[in-house]
Amino acid sequence: MLEGIVRESIGRKAAKALKRDGYLIANIYGKGLENINAAFKVNDFIKEVRKKTTLAFDVKVADKVLNVVVVDYQKDPVTAELKHVDLKVAQKGVISKYMVPVKIVGTAMGLKNKGVLIQSKRRLKVKCAAENLPNYFELDVTKLDVGDALLIRDVVVPEGVTMVDADRVAVVGVEKAR
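Below or above, wherever it landed, is the structure these notes cover. (Residues numbered from 1 in each chain as written. Predicted model: local features only at pLDDT ≥ 70, side-chain atom pairs only at ≥ 80, totals over all residues. Heavy atoms only, no water.)

Attention shifts here to the sheet that holds strand β9 (residues 123–128). Pairing in this open sheet of 4 strands is mixed, and the strands run β10-β7-β9-β12 from one edge to the other. Every other strand in the sheet has two partners, leaving β10 (137–140) and β12 (162–163) as the edge strands with one partner each. As judged from the 4 bridges shared by strand β7 (residues 96–105) and β10, these two strands associate in the parallel manner. Bridging from a neighbouring strand, Val105 pairs with Asp140 of β10. (Pairing = 2+ DSSP bridges. Helix = DSSP H or I, 4+ residues; strand = E, 2+ residues; numbered from the N terminus.)

This paragraph deals with the pattern of salt bridges. Taken as a whole and assessed by the stated rule, the structure comprises 3 salt bridges. Residue Lys51 is joined to Glu48 by a salt bridge in which the shortest nitrogen-to-oxygen separation is 3.8 Å. On the criterion of helical spacing, the pair formed by Lys51 and Glu48 is a turn pair, its members being 3 residues apart in helix α2 (residues 42–51). We note a salt bridge from Lys121 to Asp165, for which the minimum N-O separation is 3.7 Å. Placement of the pair is Lys121 in the loop between β8 (115–119) and β9 and Asp165 in the loop between β12 and β13 (170–176), with a sequence separation of 44 residues. For Asp165, a relative accessible area of 22% puts it in the partly exposed group. (Salt bridge = Lys/Arg side-chain N within 4 Å of Asp/Glu carboxyl O. Buried < 20%, exposed > 50% of the residue type's maximum accessible area, 1.4 Å probe, protein only.)

This is the structure:
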């Protein structure tokens, strides 16, 4: 389990000192909960995120164990070093919005016909309770030919989960190569 510390001071000077010591600045928030300003060791955080098998994972901050989902992160534009992360607490029974990744499976038929596979949405916005949160959406693209696309309405959604984006928005498609 990933363990972090609570930041007492949230000023720029304190944040710089923590970053120098190898910490990642994090904000943890949730519906009806008080925001927690935390810090995690950068390498420990990256290891934990890479080895997790579900979208939500546990972190321990100030003797509290929280089930969180990564909402947003910021990287340095030059060094690609992780600078900051926002974590949302996945509360059981509380309906909230999450971004769920899209996983593409198969090879599109249109690629043999001089087409290019274009994925316009890497993550889809859903509204659900934490216990219904899917880990990812799997899309099979083997039947896609040049000019075909899979829309949000074509995505199989588990029970208790609703899509936030419009159902006519394309997720992945095959276009003719130029």
